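Residue-level structural notes
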Amino acid sequence: MPRTVGTPAVQRPSAQAALTTGPVDFTEAWLRNRRLSEHTRAAYRRDIAGWLTWCAGRDLDPLRATFLDVNSYGRDLESTVDPRSGRSLTPATVARKLSALSSWYDFLARLRAVDANPVSGADRPRVSRDHSATVGMTPDEVDALLAAADADTGPTAARNRVALAFLADLGLRVGELVSLDLSDLGYERGHRSIRFVGKGGRARRRALTPGTAYALDAYLRDRAATERMPVEQLSGPLLVTGTGGRLDRHAVFRLVRRLARLAGIPAWAKLSPHSLRHAFATTARSEGVPLEDVQDAMGHADPRTTRRYDRDRHNLDRDPAYAIWAARARRHPADPG
């Protein structure tokens, strides 16, 4: 007799009191229980929906799944082709999906809807903390991309300059960028600033560079003129489409690649908004910004994540041996060694 998706064979009163119609309700309760950005909620919702769909195709009750089922699911994910890249999902993507699933099952275990978390005993892909699959950009390529944005024309050109400036100068995630509202803009201690909710539901704030602020003001003036109202009365999303809706992440992906192609960047077809985030970290470190300051700016909980973004970290020019030798030379200027 096949197992039915969404209906546990054994009713557990504590779980059923809180959730009455199965895994979809579990998912929504789990998301409500966590402090997450809307982008992260949507991603987690898709991750769990993918697992539930996989279970449904095998007459598997997800509330009775074992680590063997999760292993099979993981192998299927590894052979799944990403429609955007045309390549199999990366180990990092598979690991992220299984991590979301593990968090979901931890929540169910606390509700006693399942006896144990089946993901905890599963075989997850190894993800190197010292490597990222994102295609990076050199400072010259970033400059060329921004110059292409400055030279671009059309009704959305001013908006596009702001989007590129926020990605390049602040290293924002694309989800953070498109989630910004005009109400997130402000002034703090003499700085133009933005406040937003970043990954993990953490409240973040960043300073706007003079160049970013200049591009922002030009965009807001154009937008106010189009909407026939003072800048101060504008409201809603910061970045909007021609019809007034919120700009989405897919449009930003297309924008980066279109302008990169115009800028003559060889790897334009493989670039993404995340490429600018990598460039932000690498350039900041090469300019001597301390690791902890870059970590805070990027919203990383773990400094090892920030180091992975720093593509120039293995440059021998940055070997600490040189700093130690230079300090010794200052102490003993007459010593040729």
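Provided above is the structure to which this section pertains.
Here's what I pulled together on the structure shown here. Quick caveat: nothing in here was measured; it's all calculated off a predicted structure.

So, the pattern of salt bridges
- With the rule as written, the count across this model stands at 14 salt bridges.
- For Glu188, the salt bridge identified is with Arg205, shortest N-O distance 2.5 Å. Of the two residues, Glu188 sits in strand 1 (residues 185-188) while Arg205 sits in strand 3 (residues 203-207), which places them 17 residues apart along the sequence.
- In this structure Arg205 comes out as exposed when scored by relative accessible area, which is 51%.

With respect to the packing of aromatic side chains
- Throughout the structure, instances matching the rule amount to six aromatic pairs.
- Ring centres of Trp51 and Tyr105 lie 6.4 Å apart, and the angle between their planes is 75°; this geometry places the pair in the edge-to-face category. With Trp51 in helix 3 (residues 38-56) and Tyr105 in helix 5 (residues 91-110), this residue pair connects regions lying 54 residues apart in the sequence. Of the two residues, Trp51 and Tyr105, neither departs from the other in class, the shared state being buried.
- Residues Trp104 and Tyr105 carry aromatic rings whose centres are separated by 4.8 Å and whose planes lie at 75° to one another, so their mutual orientation is edge-to-face.
- Residue class for Tyr105 comes out buried when judged on its relative accessible area of 1%.
- Every member of this aromatic cluster is reached through a ring pair, and the members are Trp51, Trp54, Tyr73, Trp104 and Tyr105.

Here's the deal with the nonpolar core
- Among the nonpolar cores identified, the biggest contains 43 residues, and Phe166 and Leu276 are the most heavily contacted of them.
- Secondary-structure elements contributing two or more residues to this core are helix 6 (139-151), helix 7 (157-170), helix 8 (174-179), strand 2 (191-197), helix 9 (210-227), helix 10 (249-262) and helix 11 (273-286).
- Looking at which element gives the most residues to this core, the answer is helix 7, with eight residues.
- If we ignore the near neighbours within four places in the chain, the residues touching Phe166 are Gly171, Leu172, Leu177, Leu180, Ile194, Leu208, Thr212 and Leu238.
- Counting 30 residues, the second-largest nonpolar core is a separate cluster that includes Cys55, Leu60, Leu89 and Phe107.

Definitions and cut-offs
Residues numbered from 1 in each chain as written. Predicted model: local features only at pLDDT ≥ 70, side-chain atom pairs only at ≥ 80, totals over all residues. Heavy atoms only, no water. Salt bridge = Lys/Arg side-chain N within 4 Å of Asp/Glu carboxyl O. Helix = DSSP H or I, 4+ residues; strand = E, 2+ residues; numbered from the N terminus. Buried < 20%, exposed > 50% of the residue type's maximum accessible area, 1.4 Å probe, protein only. Phe/Tyr/Trp six-rings, centres within 6.5 Å; stacked < 30°, edge-to-face > 60°. Core = buried A, V, L, I, M, F, W, Y, C linked by side-chain atoms within 4.5 Å. Contact = heavy atoms within 4.5 Å.

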